[in-house]
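Notes for the structure review
Listed here are the chains, written in short residue letters.
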Amino acid sequence: MATLYGPDPVVEALQEALAILADGGAVVEHQQLDLKEEAGRRGPGGVVLPGSARNDVAARALAGECACMANTPGGGALLVGVADDSTLIGTELDPEWLRARIFELTQRRITVDARDVFVRGSRLLAVRVVEAIEPVRWNDRISWRVADRCVEIDAATWHERRAHGLLVDWSAQPSNVLSESARPTAVEIVRTFLRESVDSSANDLAEAATPDLLRRLNAVTGDGHLTNAGFLVFVGRGIPAIDYIRRDRAGADSTDRVRDAGLSLIEELQAVFSTARAHNPMVHVSQGLAIGQTRRIPERTLREAVVNGVAHREWGVDDLTVVEHLGNSLKVTSPGAFFGGVTSDNIINHPSRSRNTALTELLAAIRVAEREGIGVDRMVADMLRLGYPRPEITETPSPTVIVSLIAETVDEGWMTWLAAFSDPGTPRNLRRLMALDLLTRQGWIDLATLATSLQVSEGEALPVVEELLGLTVARSPVITPVDGVPDGMSEAWALVEGARKALDSGYGSRAPRRARASRESVALSYVRARGRISSTELGSLLSAHPTNMGRLLRSLEDQGLIEPSRPNRRGAGLYYLPRVSS
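Residues numbered from 1 in each chain as written. Predicted model: local features only at pLDDT ≥ 70, side-chain atom pairs only at ≥ 80, totals over all residues. Heavy atoms only, no water.

Let us look at the overall build of the protein chain. Scanning the protein chain from terminus to terminus reveals 20 helices and 23 strands. Taken along its principal axes, the extent of the C-alpha atoms in the protein chain is 90 × 70 × 50 Å. Counting all 582 residues of the protein chain, 52% fall into the buried class. The contacts of the protein chain with a sequence gap of at least 6 include a subset with a gap of at least 24, amounting to 64%. Taken as a whole, the protein chain presents about 25800 Å² of accessible surface, with 50% of it coming from carbon and sulfur. Between the mean site of the 65 positive side-chain charges and the mean site of the 75 negative ones, the protein chain shows a separation of 7 Å. (Helix = DSSP H or I, 4+ residues; strand = E, 2+ residues; numbered from the N terminus. Buried < 20%, exposed > 50% of the residue type's maximum accessible area, 1.4 Å probe, protein only. Contact = heavy atoms within 4.5 Å. Areas by Shrake-Rupley, 256 points an atom, 1.4 Å probe, with all protein chains shown as cover. Lys, Arg positive; Asp, Glu negative; His and termini not counted. Charge placed at Lys NZ, Arg CZ, Asp CG, Glu CD.)

Okay, here's the thing in structure tokens:
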């Protein structure tokens, strides 16, 4: 069940109930324990009907009960497959499907831990529900448990209860484990991370006596108990938190694995970093980088991806953070959904808020991770600087968050090009890197497409365009306004041919890794994003004469991809629109 940081009253109540049922006794429901039959399985006369793995009627009923339990101080547990009188009915519900369905039904607010338990030959589900950070509504109502039933409350009452004595951040709350239980190996690893930091204050902290070290890291309470964050980092939950798997290629057997029980989180992280480093070779770079070499996957990025997978995950479930190191790619899958309004579309710039603030801050204080709001920025910049794709960060229905890094070949031509910009700070400017990456792959930008790529407003994207207009590379301007844009329509900018040639020249005799977008793809991306394209605009995009664009436009029309603004295709002002599929 849920992770234990000392005795957990919900888990203890659940274990007690299972023991009573095993002895044939009757369980008394209370605030943190609810017995539930699988809804939809009673026929005429109360006959129990066969169950199914995906009973949506049952899922909806349980989602409402989970919302109530999540709103209750301390959360609670549902024991599914047991009647109110403690009769064992059993259940056929698939726990993984149920978890995903409850997450969906509660507007992605509740992640439960659902596990099989067996009592006297009956299969039951133990569903653990952690306390919610914000009230969860069900059927437009907020309810919480009072004794053995759900009672409706208003939002003001719920928030008032929060304000009076409840620490929202569970990782800052005290565990029931004394600081003397910190594992000596974990303490020494922390000292090593601190000594390796360039921060002199971290170096001083590394030499502090252990009690003082724990105190200054805010890992211990005033009465000498480790916080929950401190317990995880210095003691561990007893079962593995991370499963690192190394494969040389897709479909191959694993060549290395780190999945160790009985260690602290910092020991697991150190083991994963060390093993991953052995499979992350140094790459010699002959152009564009002063250092001359780098790890295939930037080491800071790899570490940040792994640390984020434990720092921001849902710790109310036993699932592991899985790190798959396949060839030159890395995929980190962490339990739980995005948190605090973060999505795939805003993660770079959204104000950061962790469900585990104290844990995140502790890992940052140890210098194994960036503080909130910095790590993702650095990951994106580090990958783009070497010419790799941006990290892909997505949420699955399970729910989990997946971070994918693909680092096949360092793009030395791209790095040489960046080093040739009139502003030497270009390779370190995140938004400029993102804009140039979009420009070289698409061939053009406007404020709308750039804002989407940067995950900012158009107003925030405008200064980036203004910077690019003021820059040169190899004595060529970088971007120029697209000709033929009609009055009243937003401006667009194309990559200047001289800048493109400077990029191509960086590859020498080698084929450019960042090949030019095809003429067709440039035309289609433009017309689909902006709703129109003329021969003048297309010629400007491709550094060609407008009179030579007719054949390309007619080819796209023949393929059913665009259509003319006038059927006769004649006269000044003719343009093409994207064809809408019927």
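On to the packing of helix 2 (residues 56–70) against helix 3 (residues 95–105). Packing of helix 2 against helix 3 brings their axes to within 9 Å, and their N-to-C directions diverge by 60°. Classed by the angle they form, the pair helix 2 and helix 3 counts as oblique. Here helix 2 runs over helix 3; the crossing is right-handed. Only Trp-97, Leu-98, Arg-101, Ile-102 and Leu-105 of helix 3 make contact with helix 2, whose side of the interface consists of Asp-56, Ala-59, Arg-60, Leu-62, Ala-63 and Cys-66. Looking at the contact of helix 2 with helix 3, its residues break down into eight nonpolar, no polar and three charged. (Axes fitted to C-alpha atoms, helices over the stretch in contact; angles between N-to-C directions. Parallel < 35°, antiparallel > 145°, perpendicular 65-115°, else oblique. Left-handed = near helix turned anticlockwise from the far one by under 90°. Nonpolar A, V, L, I, M, F, W, Y, C, P; charged D, E, K, R; others polar.)

This brings us to helix 14 (residues 430–442). End to end, helix 14 covers 18 Å across 13 residues, agreeing with the expected 18 Å (1.5 Å per residue, within 8%). By the criterion of burial, helix 14 is predominantly enclosed, with 11 of the 13 residues buried. Those residues of helix 14 that sit buried are Leu-430, Arg-432, Leu-433, Met-434, Ala-435, Leu-436, Asp-437, Leu-438, Leu-439, Thr-440 and Gln-442. Once helix 14 ends, the next one or two residues include Gly-443, with phi positive near 95°. (Expected span 1.5 Å × (residues − 1).)

Glancing now at the pairing of strand 16 (residues 400–406). Counting buried residues along strand 16, six of its seven residues qualify, which places the element largely inside the surrounding structure. Looking at chain direction, strand 15 (residues 392–396) and strand 16 are connected through five bridges and run antiparallel. Across the sheet, Glu-392 pairs through a bridge with Ser-404, a residue of strand 16. (Pairing = 2+ DSSP bridges.)

Extensive coverage of strand 4 (residues 122–129) is indicated by the burial of eight of its eight residues. Residues Ser-122, Leu-124, Ala-126 and Arg-128 line one face of strand 4 and the alternating positions Arg-123, Leu-125, Val-127 and Val-129 line the opposite face, and both faces are buried. Summarising the sheet, strand 2 (residues 76–80) and strand 4 pair through five bridges and their orientation is antiparallel. Bridge assignment links Val-80 to a residue of strand 4, and that residue is Leu-125. In this sheet, strand 4 lies alongside strand 3 (residues 113–119) in antiparallel orientation, the contact comprising seven bridges. Counted as the bridge partner of Val-117 is Leu-124 from strand 4.

Moving on to the state of the cysteines. Simply put, disulfide is the name for a covalent bond between the sulfur atoms of two cysteines. Within the structure shown, the criterion is met by one disulfide. Looking at the unpaired Cys-66, the closest cysteine sulfur is the one in Cys-68, lying at 9.8 Å. Note on Cys-66: relative accessible area 0%, which makes it buried. (Disulfide = S-S within 2.5 Å.)

Before going further, it helps to examine the layout of surface pockets. Where empty space is left becomes clear once a probe the size of a water molecule has been rolled over the atoms. A volume near 630 Å³ is recorded for the second largest pocket. Lining the second largest pocket are 22 residues; nearest its centre among them are Phe-193, Glu-196, Arg-303, Arg-367 and Val-368. If you list the elements that add at least two residues to the lining of the second largest pocket, you get helix 5 (184–196), helix 9 (265–278) and helix 10 (299–311). Of the residues in the lining of the second largest pocket, the class split is eight nonpolar, five polar and nine charged. (1 Å grid on protein atoms, 1.4 Å probe; cavity = no way out; pocket = protein on both sides within 12 Å on 5 of 7 lines; lining within 4 Å. Points joined across faces, edges and corners; volume = space filled by probe spheres on them.)

Further remarks concern the packing of aromatic side chains. Two numbers describe a pair of aromatic rings. These are the distance of the centres and the angle of the planes. Throughout the structure, instances matching the rule amount to four aromatic pairs. Geometrically, the ring pair formed by Trp-417 and Phe-421 is edge-to-face, given 5.0 Å between the ring centres and 80° between the ring planes. The two residues Trp-417 and Phe-421 agree in class, both being buried. Aromatic pair Trp-444 and Tyr-526: ring centres 5.1 Å apart, planes at 70°, arrangement edge-to-face. Of this pair, Trp-444 sits in strand 17 (residues 444–446) while Tyr-526 is found in helix 18 (residues 519–530), placing the two residues 82 residues apart along the sequence. (Phe/Tyr/Trp six-rings, centres within 6.5 Å; stacked < 30°, edge-to-face > 60°.)

A separate point is helix 13 (residues 412–419). By the criterion of burial, helix 13 is predominantly enclosed, with six of the eight residues buried. Turning to helix 13, its buried residues number three or more, namely Glu-412, Gly-413, Trp-414, Met-415, Trp-417 and Leu-418. As for helix 13, its buried residues are in contact with strand 11 (282–284), helix 12 (375–385), helix 14, strand 18 (472–473) and helix 17 (497–505).

Let us look at empty space enclosed by the protein. Within the structure shown, the criterion is met by one cavity of 30 Å³ or more. Its boundaries defined by the atoms lining it, the largest cavity holds a volume of some 30 Å³. What lines the largest cavity is Leu-232, Gly-236, Arg-237, Ile-239, Ala-241, Leu-263, Ser-264, Leu-265, Glu-268 and Trp-315.

A few words on the sheet that holds strand 20 (residues 479–481). The three strands are arranged 17-21-20 in an open sheet whose pairing can be described as antiparallel. The two strands at the open ends of the sheet, each matched to only one other strand, are strand 17 and strand 20. With strand direction ignored, the average angle separating the axes of adjacent strands in the sheet is 30°. Relative to strand 21 (residues 492–495), strand 20 runs antiparallel, the two being bridged by three bridges. Among the inter-strand pairings, Thr-480 is bridged to a residue of strand 21, identified as Ala-494. On the sheet, helix 14 packs against strand 17, strand 20 and strand 21 and is oriented at approximately 125° with respect to strand 17.

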